[in-house]
Amino acid sequence: DAGVTQSPTHLIKTRGQHVTLRCSPISGHKSVSWYQQVLGQGPQFIFQYYEKEERGRGNFPDRFSARQFPNYSSELNVNALLLGDSALYLCASSLGDRGWNTEAFFGQGTRLTVV
Amino acid sequence: AQTVTQSQPEMSVQEAETVTLSCTYDTSENNYYLFWYKQPPSRQMILVIRQEAYKQQNATENRFSVNFQKAAKSFSLKISDSQLGDTAMYFCASAPQYSGAGSYQLTFGKGTKLSVIP
């Protein structure tokens with residue numbers, strides 16, 4: 001079975017540009033979460049979506065937005081990119097929203113570099 | 001709110017030896033989960049072991065075991081018979097035991113870089 005897939009794996013953007021990152025969860029998983037991992041740090045929670053509804057948002061500016069589609073895949077959008085947005089962006093999927101159904105399975109991430 | 005602290009930025013261990021990684025946490029939740037994740041150079045976060053806070057028995061997974069001290073809010077990871085493939089970043093994480101319409105989110109520490117030396 002395919003795991004969590006993210007695309008692209010790497011990309012380079014210029015300050016002020018917009019970027020869209022994509023995530024396909026494990027088949028049957030209805031929850032997708034996004035994390036930002038700056039070099040040398042642990043991942044930080046950005047968003048969680050469950051059944052296409054936003055369930056939670058971390059301490060990130062409004063330049064960050066996301067959505068979940070009917071097939072449970074998800075997009076993370078970042079507007080007006082800053083140098084500080086350079087990071088590894090991780091997507092995690094989980095089966096549901098109860099107990100161990102919330103166990104997160106991670107993709108390999110998208111490495112975003114803003115120049 | 002939850003916080004996770006890993007006080008060892010880097011550690012090394014000889015192959016076949018045992019190493020313990022430290023983690024402390026703070027949480028306002030009554031029920032929560034604790035995790036250790038491994039992140040090798042491939043970048044993918046892999047779950048190593050998990051613990052339910054209401055369970056007193058320490059979790060074990062083959063060569064990996066934890067020492068969970070709830071009162072001290074301590075959750076250390078012991079790796080026995082270390083192997084070269086254990087070389088990676090290790091992250092301690094916590095999450096509320098969710099049951100409701102809120103969000104489920106992991107709070108991670110800053111990580112410990114473990115090197116296994118041949």
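Just so you know, the residues in each chain are numbered from 1, in the order the chain's sequence is written. Working convention: letters from A go to chains and numbers from 1 go to ligands, in the order in which they are written. With the structure being a predicted model, the display of local features is reserved for residues of pLDDT at least 70 and the display and counting of side-chain atom pairs for 80 or more, all residues being used for whole-chain, interface and lining totals. The side-chain values count all of the structure's non-hydrogen atoms but skip hydrogen atoms and water molecules.

Sheet strands pair via backbone hydrogen bonds, and the direction of the pair is either parallel or antiparallel. Residues and elements named next belong to chain A. Pairing between strands is defined by DSSP: at least two bridges between them are needed. Helix and strand definitions follow DSSP, with helices as H or I runs of at least four residues and strands as E runs of at least two, each counted in order from the N terminus. On the basis of which strands lie adjacent, the open sheet formed by four strands has the order E1-E3-E8-E7 and antiparallel pairing. Only two strands of the sheet have a single partner each, and these edge strands are strand E1 (5-7) and strand E7 (64-68). Strand after strand, the sheet turns through a mean of 15° between neighbouring axes, direction not considered. Axis definition: a line fitted to C-alpha atoms, limited for helices to the stretch in contact. Angles are taken between N-to-C directions and run from 0 to 180 degrees.

Before going further, it helps to examine the state of the cysteines. Linking two cysteines covalently through their sulfur atoms gives a disulfide. Two cysteine sulfur atoms form a disulfide, by the criterion used here, when they sit within 2.5 Å. Counted under the stated rule, the structure contains two disulfides over all chains. What pairs with cysteine 23 of chain A in a disulfide is cysteine 91 of chain A, and their sulfur atoms sit 1.8 Å apart. Taking the sign of the S-S torsion, -65° for the link of cysteine 23 of chain A and cysteine 91 of chain A, the bridge is left-handed. Of the two residues, cysteine 23 of chain A is situated in strand E3 (residues 19-24) and cysteine 91 of chain A in strand E9 (residues 87-94); the sequence distance between them amounts to 68 residues. Between the sulfur atoms of cysteine 23 of chain B and its disulfide mate cysteine 92 of chain B the distance is 2.0 Å. Here the disulfide of cysteine 23 of chain B and cysteine 92 of chain B is left-handed, its torsion about the S-S bond being about -70°. Taken as a pair, cysteine 23 of chain B in the loop between strand E3 (19-21) and strand E4 (24-27) and cysteine 92 of chain B in strand E10 (residues 88-96) lie far apart in primary sequence, 69 residues in all. For the pair cysteine 23 of chain B and cysteine 92 of chain B, one class covers both residues: buried. A simple rule labels every residue: compare its accessible area, found with a 1.4 Å probe on the protein chains alone, to the largest value its type can have, and call it buried under 20%, exposed over 50%, or partly exposed in between.

For the rest of this paragraph, the subject is the pattern of salt bridges. Salt bridges are identified by distance alone: a Lys or Arg side-chain nitrogen within 4 Å of an Asp or Glu carboxyl oxygen. In total, this model carries nine salt bridges over all chains according to the counting rule given. Between lysine 73 of chain B and aspartate 26 of chain B there is a salt bridge; the shortest N-O distance is 2.9 Å. Separated by 47 residues along the polypeptide, lysine 73 of chain B in the loop between strand E8 (64-69) and strand E9 (74-79) and aspartate 26 of chain B in strand E4 bring together distant segments of the chain. Take aspartate 26 of chain B: its relative accessible area is 40%, and that puts it in the partly exposed class. One salt-bridge network, held together by shared partners, links Arg22, Arg67 and Glu75 of chain A.

Each side of the interface is counted separately: chain B has 24 residues, and chain A has 28 residues. Summing both partners gives a buried area of about 2300 Å² for chain B against chain A, and 51% of it is carried by carbon and sulfur. Linking chain B with chain A are one salt bridge, by the criterion used here. Here arginine 50 of chain B ties to glutamate 103 of chain A by a salt bridge, and the two come within 2.2 Å at their closest N and O atoms. Polar contact is defined as a pair of N or O atoms within 3.5 Å, subject to the rule that within protein one atom must be able to donate a hydrogen and the other to accept it, and that residues adjacent in sequence are counted only when both atoms are side-chain atoms. Scanning the region where chain B abuts chain A turns up eight residue pairs in polar contact (both at pLDDT 80 or more). Contact between two residues is taken to exist if any of their heavy atoms lie within 4.5 Å; hydrogens are not considered. Summed over both partners, the accessible surface that disappears when two parts come together, traced with a 1.4 Å probe, is what is meant by buried area.

The set of buried Ala, Val, Leu, Ile, Met, Phe, Trp, Tyr and Cys residues whose side-chain atoms join them within 4.5 Å is what this entry labels a nonpolar core. One finds Trp36, Phe75, Leu77 and Tyr90 of chain B to be the most contacted residues of the largest nonpolar core, which totals 24 residues. Ignoring any residue separated from it by four or fewer positions in sequence, one finds phenylalanine 75 of chain B in contact with Cys23, Tyr25, Leu34, Phe35, Trp36, Gln51, Val66, Asn67, Phe68 and Cys92 of chain B. If you look at the next biggest cluster of nonpolar residues, it comprises 22 residues, including Val4, Tyr49, Phe64 and Val78 of chain A.

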